Amino acid sequence: MADPASSHAPPQPKGATGVLVLADGSLIWGKGFGAAGDAVGEVCFNTAMTGYQEVMTDPSYAGQIVTFTFPHIGNVGTNDEDIESLVEGAVGCVVREEVTPQSNFRAQRDFVQWLSDNGKIGLAGVDTRALTRRVRMQGAPNAVIAHSPDGRFDIPALLAKAQAWPGLEGMDLAKIVSRSGEEGWEGSTWTLGHGYGSSAADNRPHVVAMDFGAKDNIFRNLVKAGARVTVVPATTALDEILAHKPDGVFLSNGPGDPAATGEYAVPVIKALLDRDIPTFGICLGHQMLALAAGARTAKMHQGHRGANHPVQRTGGGW
C-alpha cells in the first residue's frame, strides 16, 4: 500500500486489472471482475461466511465498498430470491480468492456476471486480512475501486476522486434508497421448494414500517412474527402514518448518518412517542429512535458488519 506520488511506489503488477485507490494515496492492486469502470465509497469489512449477495443488495451498504473477510466469495453463484432490495446497495467488493465457477442447485448466474449486470465492481487477489486490520486500526477510509480489463488506469484522477468525496458522515442517503411510494407488504418468509409465502388475514396487528433503506427480509420476518405490514417512504408525514391507525411503527435499517436523516424523521418519531404508539427500530432506525429520546450518535471507528454480533453484558440482570 504505497503512495502513488512517492518515487518508491512499486509499479503496477503484471496482469493487474483492478485497483483500490485510498484517499491517503495508498494503492491496492488486484484482478478486477464484474462491471468495468470506477466507483467511490467508504471501505468497510464484513465477517459473514455466507450471504454475499444479500450483503451486496442491502441498502445499508449504499456508498460503501465491502471487504469480505471470508476468502471464498461467489462460489455458490447468485439467484433472484436472495436479493434484499432492488435499490442501490454496495458499490463494489474486495475479495481474497478469484471467484470460482458456481456450485449450488439454486444458482441462476455466476457472481461475476451478476456484478456486471448490476453495475458493481469487484477486486480479487487482495490480502483482505491486511486491509481489514488497516480499517480496524485506522478507521474506514474513502477510496475508489476501479476495474479496467486492459489494465490501464489514470491513478492521479482516481486519487483526486477519492480525496474529493465527502464521506458518509453528515450524508443523508435514506432519501435515495427509500421507496418512493406506499406499499402493502404481502411476502412472508422463504422455504425450500416453495419460495416466499404470503401474508395471512388482515386481522393481524398492523405495523407501519418507515423505509430508510430496508432489507426485504425484515418485512418478511415481521409478517412471520404475526404482523400485517404497510411500508411507507422515509419522508412520510406524521398524519399519513396515523391515518393507517397503526398498532406499532417500525423504523428500518438504512445507510448514511442518522443525524442527517433525523432532520426530518426525528420530529415524526418524537410525535409517535408522545402519542404512546409502540415504536421500535433496527440499525439506522434504532439510532434515530435514540436521537428522538434525547441521545446523541457518533460514527464508530470501524463499525461491525457480519452475521454474528457480539454483545457485552456490563452488569445487572436481564
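Just so it is clear, the model here is predicted, and its values are computed rather than measured. Throughout this document, residue positions are counted from 1 along each chain, in the order its sequence is written. Given that the model is predicted, a residue must reach a pLDDT of at least 70 before its local features are reported, and side-chain atom pairs must reach 80 or more before they are shown or counted; all residues, however, enter totals for whole chains, interfaces and linings. Side-chain figures throughout are based on the complete set of non-hydrogen atoms in the structure, without hydrogens or water.

A. A look at the sheet that holds strand E5 (residues 92–94). What makes two strands pair is DSSP finding at least two bridges between them. Under the DSSP-based scheme used, a helix requires at least four consecutive residues in state H or I and a strand at least two consecutive residues in state E, with every element numbered from the N terminus. Spatially, E1-E2-E6-E5-E4-E3-E7 is the arrangement adopted by the seven strands of the closed barrel, whose pairing is mixed. Within the sheet, the average angular offset between the axes of one strand and its neighbour, ignoring direction, is 35 degrees. Summarising the sheet, strand E1 (residues 18–22) and strand E7 (residues 142–147) pair through five bridges and their orientation is antiparallel. Paired with Gly 18 across the two strands is His 147, which belongs to E7. Across the sheet, helix H3 (residues 128–138) touches E1, strand E2 (27–34), strand E3 (37–46), strand E4 (64–68) and E5, and the angle it forms with E3 is around 75 degrees. Simply put, an axis is a line fit to the C-alpha atoms, just over the touching stretch for a helix, and the angle between two N-to-C directions goes from 0 to 180 degrees. A contact between two residues is defined here by any heavy atoms of the two lying within 4.5 Å.

B. Structural detail: the pattern of salt bridges. A pairing counts as a salt bridge when a side-chain nitrogen of Lys or Arg comes within 4 Å of a carboxyl oxygen of Asp or Glu. One pass over the full model with this rule turns up 11 salt bridges. For Asp 38, the salt bridge is made with Lys 161, and the minimal N-O distance between the two is 2.5 Å. Linking Asp 38 in strand E3 with Lys 161 in helix H4 (residues 155–164), this pair joins segments that are 123 residues apart in sequence. Burial classification: accessible surface area is computed with a 1.4 Å probe over protein chains only, and a residue below 20% of its type maximum counts as buried, one above 50% as exposed, and the rest as partly exposed. Here Lys 161 falls in the partly exposed class, since its relative accessible area comes to 36%. A salt bridge links Arg 106 to Glu 81; the nearest nitrogen and oxygen atoms lie 3.1 Å apart.

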